[in-house]
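Overview (structure and organization)
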Amino acid sequence: MAEVISVRFKEVGKNYYFDPKNITFKRGDKVIVETARGLEFGEVTIGNRDIPNEEITAPLKPVLRMATEKDFTTVEENKAKEKSAFEICAQKIQHHKLEMKLVDVEYTFDRSKILFYFTADNRVDFRELVKDLAGVFHTRIELRQIGVRDESKKVGGLGICGRPFCCNTFLGSFQPVSIKMAKEQSLFLSTTKISGTCGRLMCCLKYEQEAYEHLLKVTPKNGAIVETKEGKGTVVDFNLLTGMLKVSLEKRPEAAPIVVNRKEVKIIKDTQIKVDKKELDEFKAIE
């Protein structure tokens, strides 16, 4: 077991473990820690606790101290510098006629490095841009290409539901989502219906997927052969949430399907929901 605290560096970001060095911290404390990027200013999300050694990614970096008033001032100064750096970099990008979109700029706490985040459709040769920026800022420069989901997380906005982006408000990291999830949840497969503002599949598809997977196990699907009180039949429609099925009876194939609850039938042979190649090809770009 090892004593750790959990720290994050952005309001909506990942949590990282650090060695408290026998100092007691509580949630909400601001601290200065040593990271691979240098000194960083972070917020304690979980106070001192013991966790198994196998849950730790070695080596465990130490907490250097509780943040001081001077540290808070440095953070505010860095934010002001980031705005200025953004404008300068945008001008440089335009000067070099580079096909890239600047999204965000970050100074490390100790100002030993500036990170410029951008999006681009293709690979960009930004070597001359880096030289220009290094000549202006006289510190280490790193340009980092990010995806459209990361751009949305940094910039923020409103989703099609009318609420602020999940990724920008509470999602610490992105979870994998797929077209199969959308199909299993009986959603209409249209890019405008199942993709977010970023143009990728909505992150919220993941939220209820576990419940849908359970329902899929206990609900016979289209094409399934079932035994009902009125005889054997084939499921022609189903509703996962209500559990109601429409079953076409073998003895009355021309008649309207009967409506029964999944609890009232016995599954003889079930089917699976599959995404065909045409659907995969059509929606591959938004996964």
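Every value quoted in this text rests on a predicted model; they were computed, and no experiment measured them.

The strand order β6-β7-β8 describes an open sheet built from three strands, whose pairing is mixed. Edge positions in the sheet fall to β6 (101–107) and β8 (140–145), since each of these pairs with one other strand and no more. Neighbour to neighbour, the strand axes of the sheet diverge by 20 degrees on average, direction disregarded. Of the strand pairs in this sheet, β6 and strand β7 (residues 113–119) are connected by six bridges, and their pairing is antiparallel. From the neighbouring strand, D104 faces β7, where its bridge partner is Y117. Its contacts with the sheet put helix α1 (residues 69–96) on β6 and β7, and the angle it makes with β6 is roughly 145 degrees. Sitting on the sheet, helix α2 (residues 127–137) is in contact with β6, β7 and β8, with an inclination near 140 degrees to β8.

Another point: the nonpolar core. Membership of the largest hydrophobic core comes to 17 residues, with the highest contact counts inside it found for M100, F116, L133, F137 and L143. Taken together, the elements giving at least two residues each to this core come down to α1, β6, β7, α2 and β8. Residues in contact with F137, not counting those within four places in the same chain, are A85, I88, Y107, I114 and F116. If you look at the next biggest cluster of nonpolar residues, it comprises 15 residues, including L215, F238, I258 and V265.

On to the sheet that holds strand β13 (residues 266–269), then. Pairing is antiparallel in the open sheet, where five strands are placed in the order β12-β11-β10-β9-β13. Two strands bound the open sheet, and with one partner strand each, they are β12 (258–261) and β13. Recorded for the sheet is a direction-independent mean angle of 45 degrees between the axes of neighbouring strands. In the sheet, strand β10 (residues 231–238) pairs with strand β11 (residues 244–249) via five bridges, with the strands oriented antiparallel. Counterpart to T234 in the pairing with β11 is S248.

Attention now goes to the packing of α1 against α2. The contact between α1 and α2 brings their axes to 10 Å, and the two run at 145 degrees. Crossing handedness for the pair α1 and α2: right-handed. Packed against α1, whose contacting residues are A85, I88, C89, K92, I93 and H96, the element α2 presents E128, L129, D132, L133, V136 and F137 at the interface. Its residues assigned to classes, the contact of α1 with α2 comprises eight nonpolar, one polar and three charged.

Structurally, K30 is set in strand β3 (residues 30–35). A sequence separation of 177 residues divides K30 from Y207, and the C-alpha atoms of the two residues are 31 Å apart. When residues no more than four places from it in sequence are discounted, the contact partners of K30 are F41, G42, E43, M66, A67 and F72.

Attention now goes to the pattern of salt bridges. Pairs may arise between side chains of opposite charge once their charged atoms sit close together. Scanning all chains against the criterion turns up 21 salt bridges. Salt-bridge contacts for E77 lead to R111; the nearest nitrogen and oxygen are separated by 2.7 Å. In this pair, E77 sits in helix α1 while R111 sits in the loop between β6 and β7, placing the two residues 34 residues apart along the sequence. Looking at E77, the relative accessible area reads 39%, which means it is partly exposed. Note that K131 is salt-bridged to E128, the shortest N-O span being 3.5 Å. Here the residue K131 and the residue E128 both occupy positions in helix α2, the gap between them amounting to three residues, near one helical turn. K131 sits in the exposed class, given a relative accessible area of 55%. Owing to a relative accessible area of 46%, E128 belongs among the partly exposed residues under this scheme. Sharing partners across several salt bridges, the network here consists of K10, R37, E40, D104, E106 and K154.

So, how was this worked out
Residues numbered from 1 in each chain as written. Predicted model: local features only at pLDDT ≥ 70, side-chain atom pairs only at ≥ 80, totals over all residues. Heavy atoms only, no water. Pairing = 2+ DSSP bridges. Helix = DSSP H or I, 4+ residues; strand = E, 2+ residues; numbered from the N terminus. Axes fitted to C-alpha atoms, helices over the stretch in contact; angles between N-to-C directions. Contact = heavy atoms within 4.5 Å. Core = buried A, V, L, I, M, F, W, Y, C linked by side-chain atoms within 4.5 Å. Buried < 20%, exposed > 50% of the residue type's maximum accessible area, 1.4 Å probe, protein only. Left-handed = near helix turned anticlockwise from the far one by under 90°. Nonpolar A, V, L, I, M, F, W, Y, C, P; charged D, E, K, R; others polar. Salt bridge = Lys/Arg side-chain N within 4 Å of Asp/Glu carboxyl O.

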